Amino acid sequence: MQKVIITGGTGYIGSHTVVEFQNAGFEVVVIDNLSNSIIEVLDGIEKITGIRPIFYQVDVTEQKDLEIVFQKHGDAVAIIHFAAYKAVGESVQEPLKYYHNNIQGLLNVLSNMLKYDIPNLVFSSSCTVYGQPDKLPVTEDTPVVKPESPYGNTKKINEEIIDDTINSSENLCAISLRYFNPIGAHTSAYIGELPLGVPDNLLPYITQTAIGLRKELSVFGDNYNTPDGTAIRDYINVCDLAKAHVFAVKRLLNNVLKYEIFNIGTGKGSSVMEIIKAFETSTGQKLNYKIVDRRAGDIEQVWADTSKANKVLGWKAEVSLDETVKSAWEWEKKVKRD
Ligand code: WQD
């Protein structure tokens, strides 16, 4: 059975990706420092697949601890590297925390891959590297700009580090997946998005409002140059996104190219109001919301051209927006919050 190591594997996208690799017949080793997730996520994974992944509570910025895992699992065929801080607003307040954690973490992963001959890396990148593109939809050739936030900049810098490292090494190959906006939860509702504290992201704020945890949703601006005035994003089902990582590892195992980048979205843009409407119609829940000023740092609109991932990876987003927002609601109703 081929083995993969997933860093950040108890996180939102990480945990859904563990499930998809187990479903695809891989043995999975999870590394996570539990700074932004809880160990009970492993119970949820086990309930879905019947297999509890091997787990190490390790911080990827701690090289000595990380190396112990690589010594034990140097037979892994790939590393899927999620472990990073990802709150855009927090990164503006605490840039050094983000540059240290997100960059040192990758440097340690790469140096251990070289030392223990693990040949393949899938990196969790983000559409945030495009900033506000001039032309839509964005392709992988759309110019990468200095993103608005230190968080986004760590993704851009990490892609450059990977590119340089690949070029210097005979055996190392990598794929960077540029995610658009991941939303939703596994249909079992055993795993899902678990924002600690007040959610930054739209859909968890919507579901927490609907369940009564939050008073009302603030819609950040309705004066954008979009059909209904609210900002547009490409919202992708988290299970579809997780599956893209399996497609990426399978491509890497075929040793086709040294380094490739793929946009992972649906190819369709939805406005904030369209997400609210989709939530209300698919769940029957009326949502309390009010229009407020724009949020600093937000871009107006972005959505993906996913033809490269569709053609080259053979991957395509499949789950509809309505089913996805409903899965987020089913999860919200089940999740135990202390
Ligand atoms: C989506 C839209 C908000 C909350 C960021 C990162 C990206 C990725 C996902 C990590 C925007 C509006 C939101 C609210 C609102 N991060 N909104 N009220 O900012 O597109 O992307 O998170 O992987 O890299 O950049 O996502 O969900 O925060 O916002 O009106 O309470 O919803 O203004 O238009 P974003 P988001």
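Right above here is the structure, for reference.
Not measured: the values here are computed from a predicted model.

Moving on: the site of the ligand. Around the ligand lies a shell of 19 residues, among which Leu202, Ser218, Arg233, Arg295 and Asp298 are the nearest. A distance of 3.0 Å is found between an oxygen atom of the ligand and a side-chain nitrogen or oxygen belonging to asparagine 181. Protein coverage of the free-state accessible area of the ligand, which is 690 Å², stands at 91%. Considering each element in turn, the shell around the ligand owes the most residues, 4 residues, to strand β8 (residues 217–220). Residues belonging to the shell around the ligand are distributed by class as follows: 9 nonpolar, 5 polar and 5 charged.

Viewed as axis vectors pointing N to C, helix α9 (residues 272–283) and helix α11 (residues 321–334) meet at an angle of 70°, and their least axial separation amounts to 9 Å. Comparing the axis directions of α9 and α11 gives the class roughly perpendicular. Along the contact surface, α9 presents Ile275, Ala278, Phe279, Ser282 and Thr283, while α11 presents Leu321, Asp322, Val325, Lys326 and Trp329. Considered class by class, the residues forming the contact of α9 with α11 number 6 nonpolar, 2 polar and 2 charged.

This part is about the nonpolar core. Soluble globular proteins tend to bury their nonpolar side chains together. Val4, Ile6, Phe21, Ile80, Leu177, Ile264 and Leu313 are the most contacted members of the largest nonpolar core, which totals 37 residues. Apart from residues lying up to four places away in sequence, isoleucine 6 is in contact with Gly14, Thr17, Val18, Phe21, Val28, Val29, Val30, Ile31, Ile80 and Phe82. Grouped together as the second largest cluster of nonpolar side chains are 28 residues, Ala76, Ile79, Ile162 and Tyr259 included.

For the rest of this paragraph, the subject is the state of the cysteines. Summed over all chains, the structure comprises 0 disulfides. Cysteine 239 supplies the cysteine sulfur nearest to cysteine 127, a cysteine that is in no disulfide, at a spacing of 19 Å. The class of cysteine 127 is buried, set by a relative accessible area of 8%.

Attention now goes to the pattern of salt bridges. One pass over the full model with this rule turns up 14 salt bridges. A salt bridge links lysine 97 to glutamate 90, with the nearest nitrogen and oxygen atoms 3.1 Å apart. A residue is classified by how much of its surface remains accessible, and lysine 97, at 32% relative accessible area, is partly exposed. Taking the relative accessible area as the measure of exposure, glutamate 90 reaches 29% and is therefore partly exposed.

About the thresholds
- Residues numbered from 1 in each chain as written.
- Predicted model: local features only at pLDDT ≥ 70, side-chain atom pairs only at ≥ 80, totals over all residues.
- Heavy atoms only, no water.
- Near = heavy atom within 4 Å.
- Polar contact = N/O pair within 3.5 Å; in protein donor to acceptor, adjacent residues only side chain to side chain.
- Areas by Shrake-Rupley, 256 points an atom, 1.4 Å probe, with all protein chains shown as cover.
- Helix = DSSP H or I, 4+ residues; strand = E, 2+ residues; numbered from the N terminus.
- Nonpolar A, V, L, I, M, F, W, Y, C, P; charged D, E, K, R; others polar.
- Axes fitted to C-alpha atoms, helices over the stretch in contact; angles between N-to-C directions.
- Parallel < 35°, antiparallel > 145°, perpendicular 65-115°, else oblique.
- Contact = heavy atoms within 4.5 Å.
- Core = buried A, V, L, I, M, F, W, Y, C linked by side-chain atoms within 4.5 Å.
- Buried < 20%, exposed > 50% of the residue type's maximum accessible area, 1.4 Å probe, protein only.
- Disulfide = S-S within 2.5 Å.
- Salt bridge = Lys/Arg side-chain N within 4 Å of Asp/Glu carboxyl O.

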